[in-house]
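Chain by chain, the residues:
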Amino acid sequence: MTLNCTSTIRQSSQTVAQNPKIQREWMLVAFGNFTKPDLEKNKAKIDLTGNIAKGKIKGGAFMGCNDMFFDSEFKDDGSMKISGIGSTMKSCQNMDLETLFSKNFRSMIKYFIEGHFLTLSDNNGQTMKFVAADWD
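Residues numbered from 1 in each chain as written. Predicted model: local features only at pLDDT ≥ 70, side-chain atom pairs only at ≥ 80, totals over all residues. Heavy atoms only, no water.

(A) Representation of the overall build of the chain in the model. What the chain contains, in helices and strands, is 2 helices and 9 strands. When its helices and strands are written in sequence order, the chain yields β-α-β-β-β-β-β-α-β-β-β. Across the 136 residues that make up the chain, the buried fraction comes to 33%. Long-range contacts, defined as pairs at least 24 residues apart, comprise 48% of the intrachain contacts of the chain with a sequence gap of at least 6. For the chain, the exposed surface amounts to about 8,700 Å²; the carbon and sulfur share of it is 49%. (Helix = DSSP H or I, 4+ residues; strand = E, 2+ residues; numbered from the N terminus. Buried < 20%, exposed > 50% of the residue type's maximum accessible area, 1.4 Å probe, protein only. Contact = heavy atoms within 4.5 Å. Areas by Shrake-Rupley, 256 points an atom, 1.4 Å probe, with all protein chains shown as cover.)

(B) Region of the structure containing the packing of aromatic side chains. All told, the structure shown has 5 aromatic pairs when counted by the stated rule. With a centroid separation of 4.8 Å and an interplanar angle of 20°, the aromatic rings of F101 and F105 are classed as stacked. Here the residue F101 and the residue F105 both occupy positions in helix α2 (residues 96-105), the gap between them amounting to 4 residues, near one helical turn. No difference in accessibility class separates F101 from F105, as the two residues are buried. Ring pairs connect the aromatic residues F31, F34, F70, F101 and F105, which therefore count as one cluster. A cation over a ring is seen here: R24 above W26, with NZ or CZ 5.5 Å from the ring centre. Above the ring of F117, the side-chain terminus of K129 is found at 4.6 Å from the ring centroid. (Phe/Tyr/Trp six-rings, centres within 6.5 Å; stacked < 30°, edge-to-face > 60°. Lys NZ or Arg CZ within 6 Å of the ring centre and 35° of its normal.)

Quick look at the structure:
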């Protein structure tokens, strides 16, 4: 007689891998004191459609001037981590959005998806709200 027993233990903080709800291009629609038209004018977005390596999604961002890149790790408990942030080094006339976004993006530690919206937040109440770019 042969028995084959397997069990799956699901930890509350497992890395979310290949999740189409997260792995999308996201347009920034609310951040700091910037208006939605300001964000649209700058074509502010993050792109989470990159390759996955060791549970991390290779991502990119654009806030109107430089191309940014980063590694992102999303856990199924709603926690997240941004690391390895870098960017091109162009100097543009108005870099206020890019400077503030870059400073705050690295401190985001929680995420929440509701419908077609992604909200990132830190421990100080700072948030960034995005809408899925493929949603009309």
